[in-house]
Amino acid sequence: MRMLSFLPSLLLGGAPRRSQTPRKPLRASADEALADAVAWIVAHGGCYADPERLELYGHAPFALEPFPFPKREYDRLVALQPHFNALVDAVARDAAWLDETLAPAAKADAFTRRLLELRETCDSPQKASLGLLRSDYMLDAPGGDMEDGSGRALQVELNTIASSFGCLSTVLSGLHAYVAGRYAGAADDGWLLPENGARDGLAAGLAVAHREYERQFPAADDAPPRRVAIVVQPGERNQMDQRMLEHALQDAHGVAMSRVTLLDVVGANAALDEHSRALAFDGGAWEASVIYFRAGYSPAEYHSEAEWTARAALENSRAIKCPTVAYQLAGTKKVQQALAAPGVVERFASSSKVADELRTVFAGLYALEPGADGADEMIKAAISNPDRFVLKPQ
């Protein structure tokens, strides 16, 4: 099994022109190419903040050469992504099924229980939602060798909240194109890479949601400006991935983005209008058109009731959420496991043909809680053959 850590299938344009053409080796020492690559990626914003001093930055981890991936599988995954998008939306809108499916997890997991309660009590007037999804795959390569293109992609998870690295992946694609041109010969078909339009696609999605909000709620002449509110973690290291999206949204669409934390939402400078449900920040200086979550996905972020109060205010506002709490629940592993059961994905897919296509990338998903069907047998199998399994938290 090999890891493909990021594939923004919805947002990628183009594809490799040919498949399985051997890549020419670098025409330089690895040290020379690596030093040049570090300078290139820093110059183009591929950076992480220092964990001790957030005003300092170093380059994000990267591979000097791209990981080979079968073109056939790549094309197939790109074609499947719109169907996964529709699947998530259909699941998120089926409240009864979500409640039934997640009820066992909610009994044991307080975080899942609170999210379900939040969905049940939400009374926002906003019915539109935005999904910026990221589907993660591992490549099942027979014999551990996928250079011949025989590997088959299997979905590890479908991220529905705070999907990161879209902009950093765009930088990384540019780096690989630069390394190919400078050190391997630009005409080498084995180095030709698909265009990565993740940054621009993410910005376009947020811009569409912003325009939809303005269509729903035309601004009065004296109304404050509308912006996208990006909810971030305090001390965020992955700021550049977020800042590049902020700048793309402003430069290409003229839409501003402002950073807030969960506690900012319940602070003195934020206010939720009880009548209109408009959410304003900085003492009414601007109104949130879209709530874009890059935080709030982990139980570790909810240190007190204040964070839950903030999340409820966001959900109950009239701003378009990216995502809604229902979308977040639709991305849980228990939902993914349930969808893989016989006959379930067919309930939500637009046709039996689409359901069959989605199932081609489903990996086996097995519950480990006591009493789950087949749990003891799967635990024994995983202990005996750990290289055949991936352990994922809920």
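Residues numbered from 1 in each chain as written. Predicted model: local features only at pLDDT ≥ 70, side-chain atom pairs only at ≥ 80, totals over all residues. Heavy atoms only, no water.

**Observations regarding the overall build of the chain**
Tallying secondary structure elements over the chain gives 14 helices and eleven strands in all. Within the chain, buried positions represent 48% of all 394 residues. In the chain, of all internal contacts separated by at least 6 residues, the share reaching a separation of at least 24 is 75%. Total accessible area on the chain stands at roughly 18900 Å², and carbon and sulfur atoms take up 54% of it. (Helix = DSSP H or I, 4+ residues; strand = E, 2+ residues; numbered from the N terminus. Buried < 20%, exposed > 50% of the residue type's maximum accessible area, 1.4 Å probe, protein only. Contact = heavy atoms within 4.5 Å. Areas by Shrake-Rupley, 256 points an atom, 1.4 Å probe, with all protein chains shown as cover.)

**As for helix 6 (residues 198-216)**
For the α-helix, the turn length of 3.6 residues means that residues three or four positions removed from each other point alike. Spanning 19 residues, helix 6 covers 27 Å between terminal C-alpha atoms, matching the ideal 27 Å at 1.5 Å per step. Listed in full, the buried residues belonging to helix 6 are Ala198, Gly201, Leu202, Ala203, Gly205, Leu206, Ala207, Ala209, His210 and Tyr213. (Expected span 1.5 Å × (residues − 1).)

**Brief notes about the pairing of strand 4 (residues 134-140)**
Most of strand 4 is tucked away, with six of its seven residues classed as buried. Sheet topology places strand 4 next to strand 5 (residues 152-159); seven bridges connect them, and they run antiparallel. Pairing of Asp136 across the sheet is with Glu157, part of strand 5. (Pairing = 2+ DSSP bridges.)

**Overview of the confidence of the model for the chain**
Looking at the chain as a whole, the pLDDT averages 88, with 89% of positions reaching at least 70. Considering only residues more than four positions removed or in separate chains, one finds that residues 1-20, a stretch of pLDDT under 50, has 63 contacts. (pLDDT = per-residue confidence, 0-100.)

**Side note on the pattern of salt bridges**
Inspection of the entire model under this criterion finds 23 salt bridges. One salt bridge in this structure joins Arg277 and Asp123, with 3.2 Å as the shortest N-O distance. Taken as a pair, Arg277 in the loop between strand 8 (271-272) and strand 9 (279-281) and Asp123 in the loop between helix 4 (110-121) and strand 4 lie far apart in primary sequence, 154 residues in all. Salt-bridge contacts for Arg211 lead to Glu214; the nearest nitrogen and oxygen are separated by 3.8 Å. With Arg211 and Glu214 both in helix 6, this residue pair falls three residues apart, about one helical turn. For Arg211, a relative accessible area of 42% gives the class partly exposed. For Glu214, a relative accessible area of 31% translates into the label partly exposed. (Salt bridge = Lys/Arg side-chain N within 4 Å of Asp/Glu carboxyl O.)

**Overview of the environment of Asp200**
Within the secondary structure layout, Asp200 lies in helix 6. The spatial distance from the C-alpha of Asp200 to the C-alpha of Thr170 is 9.2 Å, given a sequence separation of 30 residues.

**Comments concerning the packing of aromatic side chains**
Tallying each qualifying case throughout the model produces eight aromatic pairs. Between Trp40 and Tyr178 the ring centres are 5.9 Å apart and the planes differ by 25 degrees, which places this aromatic pair in the stacked class. Of this pair, Trp40 sits in helix 1 (residues 30-43) while Tyr178 sits in helix 5 (residues 166-185); the two residues are 138 residues apart in sequence, bridging distant segments of the chain. Given a relative accessible area of 15%, Trp40 falls into the buried group. You can call Tyr178 partly exposed: its relative accessible area is 22%. (Phe/Tyr/Trp six-rings, centres within 6.5 Å; stacked < 30°, edge-to-face > 60°.)

**Focus: the nonpolar core**
Counting 60 residues, the largest nonpolar core has Phe84, Val91, Trp97, Phe281 and Ile291 as the members making the most contacts within it. If one sorts the elements of this core by residue count, helix 2 (residues 71-92) sits on top with eight residues. Apart from residues no more than four positions distant in its own chain, Ile291 is found in contact with Ala229, Val231, Leu279, Leu314, Ala319, Ile320, Lys321 and Cys322. Of all hydrophobic cores here, the second largest spans 37 residues; its members include Tyr48, Leu175, Leu206 and Tyr292. (Core = buried A, V, L, I, M, F, W, Y, C linked by side-chain atoms within 4.5 Å.)

**Examining the side chain of Gln155**
Along the chain, Gln155 falls in strand 5. A polar atom in the side chain of Gln155 sits 2.8 Å from the side chain of Ser135. Among all residues touching Gln155, those that are not within four sequence positions of it are Phe84, Ser135, Asp136, Tyr137, Gln336, Val361, Phe362 and Ala363. (Polar contact = N/O pair within 3.5 Å; in protein donor to acceptor, adjacent residues only side chain to side chain.)

**Observations concerning the environment of Arg27**
Of note, Arg27 is situated in the loop between strand 1 (2-4) and helix 1. Arg27 sits in the exposed class, given a relative accessible area of 58%. Taking C-alpha positions, Arg27 is 9.7 Å from Ala180, a pair spaced 153 residues apart along the chain.

**Quick look at helix 4**
With twelve residues, helix 4 ought to run about 16 Å at 1.5 Å a step, and its terminal C-alpha atoms sit 16 Å apart, in line with that. Every buried residue of helix 4 is accounted for by Phe111, Thr112, Leu115, Leu116, Leu118 and Arg119. The buried side chains of helix 4 occupy one side of the element, clustering within an arc of 160 degrees when seen end-on. Where helix 4 is buried, its residues meet helix 3 (95-108), helix 9 (305-316) and helix 10 (325-330). (Arc of directions from axis to C-beta.)

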